[in-house]
Every structure is written in structure tokens, then in C-alpha cells.
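Now for the letters of each chain:
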Amino acid sequence: MEIEITIHVFAVLKESFEEKFEMKIPTETSCTSLLELLGKQQPRAKGLLGKCRIASEEAILDDDCTFNHNDTIYIIPPSSGG
Amino acid sequence: MITPHKIPVEALMTSLQNDKAGASVLFAGIVRDVNKGKQVSRLEYEAFKPLAEKMIHNIEEEARSTFNLIAAICVHRVGKLNIGDTAVVVITLAIHRQEAYEANQFIIDKVKHEVPIWKKEYWADGTYAWGHNCNCQLRQKDLQEYLFHHK
């Protein structure tokens, strides 16, 4: 069983992925396993994805958090503000 | 707060004036012309604004309660910045200077480490690189040890 989610990426990740794209993932996919799936799609981003966090518009999600059909999520690379 | 506009530093200072404050500390992060030995031509900052603003607000609130501040504000700019432009400002007001200093550093360290803001450095030779700006591991003297753990 699969669900479809919308993924936004930022900064250096835009060099490996479209800024916004839809992806079908198995139900019960966690944040950690989604980052692994994305790393399989784009092996050159695998190392970076291991340091990324996944967020909603409201908060950083826990590593074991799972998704619902039609969720929109954001992949957050390591910060470099300031 | 995240803004694409020039940060109004003097207006921010004026707006925070408070008769109870005996100390006011202003930190301004400014775009410099050299980084890691390479000539910088300009910077570009990107942010995930909804979450970045919420996280900055939470960090300001945490600093207020932890350091017993009278006021705290952090404003970060996004978009294209030139050498000499102000990229980020943190202002802290407290009764005494120690709390104002410590809280100011707490806020900028945490913003740099945790808030979803990213720097793209454009070099004078026409190349560019995405920033790796957080230096809290170096301050901890241990490359495996962050000041703030999120991963």
C-alpha cells in the first residue's frame, strides 16, 4: 500500500532534486527511511541527506514520524545562517 | 523575524528602549570580503520562512526566560547581500551586562545552528558554494559535540 506526499527541498538539495515534487512511498515510511529512499534516488546527495531533518510548516518532525496521504513536507539541510 | 529588506538597526534599538534596562547588547553579522582565504563577491540567503520565524521566536522566548531578559530580538535577512551588508542582528536588553552578553551569544549560536536559513557564497572567481557556517563544534573543542543537539 502506498501514499503520495509532496516534498519541498532547499538550498544545496535543489542541485540534486526538483524544488518541489510528488513521491509515492510505502505507508508507515518514517522520516529516517524517507531520507534513505531519497538517497537511493540521488546517490550523490546520500551523505547530505543523512544530516537533514524533515519538517512540516510548524515543526521539525521526529525521526520515527510517519506520513499521511497528501502530506506536504520539507527537507531541511544543515543550517548555515548568520 | 526574516526580512528581504535592509535591517533597520537603529529603529530596532529605539523600539526596544526600556528604563529598566541597564545593558543593551547589539550583535550584527556583516558580509565580509574574504572567507577561508577566498575572495567573496556577494552572498545569498534562503530561508524556510514559516518555520524559521517560529523557531527564532521560540529561541528569543527561551533566552528571555533563561537569562531574565527585558527584551530580545533577532532579525535575519534573506536574498542577495553585498559586502558590508548586515545579514543578521541580535539585540538583548537586561538589567546587567553579563546576562545581556550571554543571552546575545546564546541566541546567535542557536539561530546559526538550528534555524532553517542557508547561505550561498559567490566567490570572485565566478564559482559558488553553499555555506557550512555553524562553528559550535569548534567552540566545544570536539568535532563530534554540538552545542545544540538536533541529530
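Definitions and limits used
Residues numbered from 1 in each chain as written. Chains lettered and ligands numbered in written order. Predicted model: local features only at pLDDT ≥ 70, side-chain atom pairs only at ≥ 80, totals over all residues. Helix = DSSP H or I, 4+ residues; strand = E, 2+ residues; numbered from the N terminus. Rg over C-alpha atoms; globule rule 2.2 N^0.38 Å. Buried ≥ 20, exposed ≤ 12 C-beta atoms within 10 Å, placed from the backbone. Contact = placed C-beta atoms within 7 Å. pLDDT = per-residue confidence, 0-100. Expected span 1.5 Å × (residues − 1). Pairing = 2+ DSSP bridges. Axes fitted to C-alpha atoms, helices over the stretch in contact; angles between N-to-C directions. Parallel < 35°, antiparallel > 145°, perpendicular 65-115°, else oblique. Left-handed = near helix turned anticlockwise from the far one by under 90°.

Undergrad: So what exactly am I meant to see when it comes to the overall build of chain A here?
TA: Regarding its fold elements, chain A presents two helices and four strands. Ordering the α and β elements of chain A from the N terminus gives β-β-α-α-β-β. The globule rule puts the C-alpha radius of gyration for 82 residues at 12 Å, and the 12 Å found for chain A is close to it. Along the longest, intermediate and shortest principal axes, the C-alpha atoms of chain A span 40 × 30 × 20 Å. Buried residues in chain A amount to 30% of all 82 residues. Here the analysis covers contacts within chain A between residues at least 6 apart in sequence; of these, 55% occur between residues at least 24 apart.

Undergrad: Could you clarify how one ought to interpret the overall build of chain B in this entry?
TA: Within chain B one finds four helices and nine strands. Ordered by position from N to C terminus, the α and β elements of chain B give β-α-β-β-β-α-β-β-β-α-β-β-α. A buried classification covers 32% of the 151 residues belonging to chain B. Of all intrachain contacts in chain B linking residues separated by at least 6 positions in sequence, the fraction that spans at least 24 positions is 71%.

Undergrad: How should I be thinking about the confidence of the model for chain B in this particular structure?
TA: Where the model shows low pLDDT, its predicted coordinates should not be examined in detail. On average, chain B scores 90 in pLDDT, and the residues at 70 or more come to 87%. Every residue in residues 146–151 of chain B is under pLDDT 50, and counting partners more than four places away or in other chains gives 17 contacts.

Undergrad: Sorry if this is basic, but what is going on with helix α3 (residues 97–114) of chain B here?
TA: Working note: α-helix, 3.6 residues per turn, so residues spaced by three or four point in the same direction. Taking 1.5 Å of rise per residue, 18 residues should cover 26 Å, and α3 of chain B covers 26 Å from first to last C-alpha, within 8% of that figure. Considered for burial, the residues of α3 of chain B that qualify are Glu 99, Ala 100, Ala 103, Asn 104, Phe 106, Ile 107, Ile 108, Lys 110, Val 111, Lys 112, His 113 and Glu 114 of chain B.

Undergrad: Even after reading the chapter, I still don't get unusual backbone geometry, so can you show me in this structure?
TA: Glycine aside, residues mostly have negative phi angles, and peptide bonds mostly take the trans form. Residue and element names in this part refer to chain A. Positive phi, close to 70 degrees, is recorded for Glu 28, a residue that is not glycine. The residue Glu 28 is located in the loop between β2 (20–26) and α1 (31–41) in this model. Its 10 C-beta neighbours within 10 Å are what place Glu 28 among the exposed residues.

Undergrad: Looking at this structure, how should I read the sheet that holds strand β1 (residues 2–9) of chain A?
TA: Strand pairing in a sheet relies on backbone hydrogen bonds. The paired strands run either parallel or antiparallel. Residue and element names in this part refer to chain A. Reading across the sheet, the four strands line up as β2-β1-β4-β3 and stay open at both edges, with mixed pairing between neighbours. Of all strands in the sheet, those with a lone pairing partner are β2 and β3 (53–55), marking the two edges. With strand direction ignored, the average angle separating the axes of adjacent strands in the sheet is 35 degrees.

Undergrad: Quick question: what am I supposed to make of the packing of helix α2 (residues 49–67) of chain B against α3 of chain B here?
TA: Helix packing for two helices is described by the angle between their axes and how far apart those axes are. All names here are of chain B. Viewed as axis vectors pointing N to C, α2 and α3 meet at an angle of 155 degrees, and their least axial separation amounts to 10 Å. Taken together, the axes of α2 and α3 are roughly antiparallel relative to one another. When you trace α2 past α3, the crossing you get is right-handed. Of the residues in α3, those in contact with Met 55, Ile 56, Ile 59, Glu 60, Ala 63 and Phe 67 of α2 are Glu 99, Glu 102, Ala 103, Phe 106, Ile 107, Lys 110, Val 111 and Glu 114.

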